Amino acid sequence: MKKILFILLTTIYATGSLADQPKQWQLGFQDAASQSMRDIVSFHNNLLLPVIIAISVFVLFLMIYTCIRFRASKNPVPSKTTHNVAVEVLWTLIPCLILIVMAVPSFQILYKQDTIPKVDLTIKAVGYQWYWGYEYPDENIIFESYMIKEEELKENQPRLLTVDNELVVPVNKVVKVLITANDVLHAWALPSFGVKRDAVPGRINETWFKAEKVGTYYGQCSELCGIQHAFMPITVRVVTDEEYAEWLSEAKMKFANEPITENEYKKLASK
Ligand SMILES: [Cu+2]
């Protein structure tokens with residue numbers, strides 16, 4: 001009973017009580033941390049949901065009404081009517097209009113997501129069976145990001161979502177993500193940012209996000225990619241500019257793609 005009540009309450013208050021990772025008994029979206037996701041959530045809550053509810057209620061009403069009004073005991077002689085032009089025109093036209101009303105704002109959001117603003121930082125995400133590899137092409141950084149097993153988790157680290165090397169990005173900066181895969185199809189998805197793109201071998205897809213809140217955000221591979229598909233999470237840590245600069249000088253030593261000279265190393269270490 002408590003669970004049922006909880007589901008009912010979370011349905012009603014779904015958007016208010018969520019954070020940047022999935023919650024027990026969650027219904028609805030995770031909290032938005034970018035304008036893109038806010039657009040998606042408002043499209044869903046203000047347009048799609050009312051339309052869906054109205055249609056469901058209307059169809060249910062029609063079914064109940066027909067069952068009662070035209071039941072066999074009241075209608076011993078059934079009607080032989082087969083066509084009604086007015087009704088047929090209406091039930092074709094009205095759904096078309098509903099679809100057009102939904103399509104216009106939907107395309108607006110899609111085009112907005114497709115147009116990448118001036119980029120502050122580019123990262124590359126590569127899907128492998130079964131982990132993600134990340135590159136910061138402008139910073140000579142490359143590393144791999146593996147899921148932490150359940151028995152090795154520390155306190156407050158979510159199961160199946162925590163990785164050893166998180167992707168680190170600065171807050172309020174436009175981050176362009178180049179997405180590809182090395183073996184099979186994967187998909188790089190981060191619900192709080194409203195981002196989801198297929199990772200296709202031999203092809204580079206791109207998307208972008210601008211995270212507005214400092215914090216840790218979790219996503220998962222969203223294309224069925226094999227036996228360990230569920231165990232290649234995406235963890236993004238959004239930090240302040242200072243913290244990012246600090247992480248960057250550390251990462252340039254730890255995850256250097258091309259070997260760095262001793263001088264460069266000393267310079268980075270002294271920061
Ligand atoms: Cu995958």
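Everything numeric in this text was worked out from a predicted model, so none of it was measured.

*Asks:* Help me understand the overall build of the protein in this model?
*Replies:* Counting secondary structure elements, the protein contains 5 helices and 10 strands. Computed over C-alpha atoms, the radius of gyration of the protein comes to 25 Å, more than 25% over the 18 Å expected from 2.2 N^0.38 for 271 residues, which places it beyond the range of a compact globule. Based on the C-alpha atoms only, the size of the protein along its principal axes is roughly 95 × 45 × 35 Å. The contacts in the protein between residues at least 6 apart in sequence include a share of 62% that link residues at least 24 apart.

*Asks:* Whenever I open this one, the packing of aromatic side chains confuses me. Can you help?
*Replies:* This structure, assessed with the given rule, holds 12 aromatic pairs. Plain terms: the ring middles of Tyr128 and Tyr131 are 4.8 Å apart, the flat faces sit at 15° to each other, and that makes the pair stacked. When its relative accessible area of 21% is taken as the criterion, Tyr128 is described as partly exposed. Taking 5.3 Å as the distance between ring centres and 45° as the angle between the ring planes, the aromatic pair formed by Tyr136 and Trp247 counts as tilted. Within this pair, whereas Tyr136 is found in strand 2 (residues 131-136), its partner Trp247 is found in helix 4 (residues 241-254), the two being separated by 111 residues in sequence. Taken as a pair, Tyr136 and Trp247 share a single burial class, namely buried. A connected cluster of aromatic rings, assembled from ring pairs, spans Tyr134, Tyr136, Phe143, Tyr244, Trp247 and Phe255.

*Asks:* What am I meant to see in the coordination of the copper ion here?
*Replies:* Each pair of donors in an ideal octahedron of six around a metal sits at 90 or 180 degrees, and each pair in an ideal tetrahedron of four sits at 109.5 degrees. With distances of 2.0 to 2.6 Å, the protein atoms coordinating the copper ion are His186 (ND1), Cys221 (SG), Cys225 (SG) and Met232 (SD). Between the 4 donor atoms coordinating the copper ion, the angles at the centre fall across 94 to 127°, so the site counts as tetrahedral. Read in sequence order, the donor residues coordinating the copper ion give the pattern H-x34-C-x3-C-x6-M. Per residue, the accessibility class of Cys221 equals that of Cys225, and both read buried.

*Asks:* Could you clarify how one ought to interpret a nonpolar patch on the surface in this entry?
*Replies:* Nonpolar side chains collect at one region of the surface, where Ile55, Phe58, Val59, Phe61, Leu62, Met63, Tyr65 and Phe70 lie side by side and expose about 790 Å² of accessible area between them. Mapping Val59 onto the fold places it in helix 2 (residues 35-69).

*Asks:* How do you make sense of helix 2 when you look at a structure like this?
*Replies:* Residues spaced three or four apart along an α-helix face the same direction, because each turn holds 3.6 residues. Relative to the 51 Å expected for 35 residues at 1.5 Å per residue, helix 2 spans 49 Å between its end C-alpha atoms, a close match to the ideal helical length. Remark: the principal bend of helix 2, roughly 35°, maps to Leu48, with a proline, Pro50, within the next four residues. Packing partners of the buried residues in helix 2 comprise helix 3 (85-114).

Thresholds, definitions, all that
- Residues numbered from 1 in each chain as written.
- Predicted model: local features only at pLDDT ≥ 70, side-chain atom pairs only at ≥ 80, totals over all residues.
- Heavy atoms only, no water.
- Helix = DSSP H or I, 4+ residues; strand = E, 2+ residues; numbered from the N terminus.
- Rg over C-alpha atoms; globule rule 2.2 N^0.38 Å.
- Contact = heavy atoms within 4.5 Å.
- Phe/Tyr/Trp six-rings, centres within 6.5 Å; stacked < 30°, edge-to-face > 60°.
- Buried < 20%, exposed > 50% of the residue type's maximum accessible area, 1.4 Å probe, protein only.
- Donors = N, O, S within 2.8 Å, 3.2 Å for Na, K, Ca; no water.
- Tetrahedral: all angles 85-135°; square planar, octahedral: opposite > 155°, others 65-115°.
- Patch = residues over 30% accessible without salt bridge, like charges linked within 9 Å, V, L, I, M, F, W, Y side chains within 5 Å.
- Areas by Shrake-Rupley, 256 points an atom, 1.4 Å probe, with all protein chains shown as cover.
- Salt bridge = Lys/Arg side-chain N within 4 Å of Asp/Glu carboxyl O.
- Expected span 1.5 Å × (residues − 1).
- Bend = angle between axes of the 7 residues up to and from the residue.

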